[in-house]
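Secondary and tertiary structure notes
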Amino acid sequence: MIKNLRSRLSFFTRTSFPITIAALVALTSCSALTPTSPDMAENTASETQKPAVLTTAVQTVIGDYVSDGYDKRTQGYDWVSVMVRPSGNAEIDIKVRARADIKQPSCSFDGTAKLMGQDNAHGVIFQTVANDSLTFLQFKEGVLTIDSQDKYALNYFCAGGATLAGDYQKLAGNLKLS
């Protein structure tokens, strides 16, 4: 009788066990499939992606910042703006543009910066790489300060000896490009 039971168990494990494993592998593989058509990919992405929740640091720094000459733009002074927009919950997009209404623009830069940290003494610090140099963006009390490990690296983005490095004041209203 024990021999008969062993032969039945042996038959069950030889036939059912491999089939069960194959079925589990097939089911697991099906759930991991990704859509192959662009339409399916867009529908799936929109259903599964939730809007990113921005950190307090990113919410605090979003806005437009300008150099000193912005207030005197009607008198022909040169100025530079830095537009800061969210790019994720702990990242920002940076667009630097110089005056282009009267003169040729002297500075231009596009990049993404990652949040490094925030405290009362230093404000909010982001970092990016510009011209192969680690570049820091410090936001504190309505002032954006841009600096780099290589003091000449930020000159690459500007003409006529200008640099992206320096202080920019946060605008209360909208940036006026003209």
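Residues numbered from 1 in each chain as written. Predicted model: local features only at pLDDT ≥ 70, side-chain atom pairs only at ≥ 80, totals over all residues. Heavy atoms only, no water.

**Some remarks on the overall build of the protein**
Put simply, the rule reads: Secondary structure elements are defined from DSSP: runs of H or I of at least 4 residues count as helices, runs of E of at least 2 residues count as strands, and each element is numbered from the N terminus. Accessible area is worked out with a 1.4 Å probe on protein chains only. A residue is then buried under 20% of its type maximum, exposed over 50%, and partly exposed in between. Every residue pair with non-hydrogen atoms within 4.5 Å of one another is taken to be in contact. We get accessible surface area from the Shrake-Rupley algorithm with a probe of 1.4 Å; when it comes to residues, only the shown protein chains can shield them.
What the protein contains, in helices and strands, is 3 helices and 8 strands. Reading the helices (α) and strands (β) of the protein from amino to carboxyl end gives α-α-α-β-β-β-β-β-β-β-β. Looking at the protein as a whole, 28% of its 178 residues qualify as buried. Within the protein, counting contacts between residues at least 6 apart in sequence, those at least 24 apart form 38% of the total. Of the roughly 12100 Å² that the protein leaves accessible, carbon and sulfur atoms contribute 56%.

**Notes on the sheet that holds strand β3 (residues 91-98)**
Basically, it comes down to this: In this analysis, strands are considered paired if DSSP registers two or more bridges between them. Axis definition: a line fit to C-alpha positions, over the contact stretch in the case of helices; interaxial angles, taken between N-to-C directions, run 0 to 180 degrees.
Judged by pairing direction, the barrel is antiparallel, and its 8 strands sit side by side in the order β1-β2-β3-β4-β5-β6-β7-β8 before closing back on the first. Here the strands of the sheet are splayed against their neighbours by 30 degrees on average, with no regard to which way each runs.

**Things to note about the state of the cysteines**
Which entries qualify depends on this criterion: Two cysteine sulfur atoms make up a disulfide if the distance between them is within 2.5 Å.
Scanning the model with the defined rule gives 1 disulfide in all. Residue pairing for C107: its cysteine sulfur links by disulfide to C158, the two sulfurs lying 2.0 Å apart. Negative torsions about the S-S bond denote left-handed disulfides, and the value of about 120 degrees found for C107 with C158 makes this one right-handed. Of this pair, C107 sits in the loop between β3 and β4 (108-119) while C158 sits in the loop between β7 (143-148) and β8 (166-170), and the two are 51 residues apart along the sequence. Note on C107: relative accessible area 3%, which makes it buried.

**Re the packing of aromatic side chains**
Think of a pair of aromatic rings as described by two things: how far the centres are apart, and how the planes are tilted against each other in angle. Put simply, the rule reads: Note on aromatic pairs: the rings of Phe, Tyr and Trp (six-membered ring only in Trp) are paired at centre separations within 6.5 Å, and the planes decide the class, stacked below 30 degrees, edge-to-face beyond 60, tilted for the rest.
Summed over the entire model, instances satisfying the criterion amount to 5 aromatic pairs. When the ring of F126 is compared with that of F139, the centres are 5.8 Å apart and the planes differ by 85 degrees; the resulting orientation is edge-to-face. Note that F126 is positioned in strand β5 (residues 123-130) and F139 in strand β6 (residues 133-140), a separation of 13 residues in sequence. On the basis of relative accessible area, F139 is assigned to the buried category, the value being 6%. A centroid spacing of 5.2 Å and a plane angle of 85 degrees characterise the contact between Y156 and F157, whose relative ring orientation is edge-to-face.

**Considerations on the pattern of salt bridges**
For clarity, the cut-off: What makes a salt bridge here is a side-chain nitrogen of Lys or Arg within 4 Å of a carboxyl oxygen of Asp or Glu, nothing more.
Scanning the model with the defined rule gives 3 salt bridges in all. K95 is paired through a salt bridge with D110; the nearest N and O atoms lie 3.8 Å apart. Of this pair, K95 sits in strand β3 while D110 is found in strand β4, placing the two residues 15 residues apart along the sequence. For K95, a relative accessible area of 40% puts it in the partly exposed group. Linking R97 and D110 is a salt bridge whose minimum nitrogen-to-oxygen distance equals 2.9 Å. Of the two residues, R97 is situated in strand β3 and D110 in strand β4; the sequence distance between them amounts to 13 residues. One network of salt bridges, with partners in common, ties together K95, R97 and D110.

**Notes on the confidence of the model for the protein**
Just so we agree on the cut-off: Confidence per residue, as judged by the predictor, is encoded in pLDDT with a range of 0 to 100.
Confidence along the protein averages 75 in pLDDT terms, with 66% of residues attaining 70 or more. Contacts of residues 8-48 to residues separated by more than four positions or lying in other chains number 6 contacts, the stretch itself having pLDDT below 50.

**Let's talk about the nonpolar core**
The following threshold applies: Each nonpolar core is a collection of buried residues, namely Ala, Val, Leu, Ile, Met, Phe, Trp, Tyr and Cys, held together in the definition by side-chain atoms within 4.5 Å.
The biggest cluster of nonpolar side chains holds 26 residues, and the ones touching the most others in it are V82, I92, F126 and F139. The biggest single contributor to this core is β3, with 4 residues. Counting 6 residues, the second largest nonpolar core, distinct from the first, contains W79, M83, L171 and L175.

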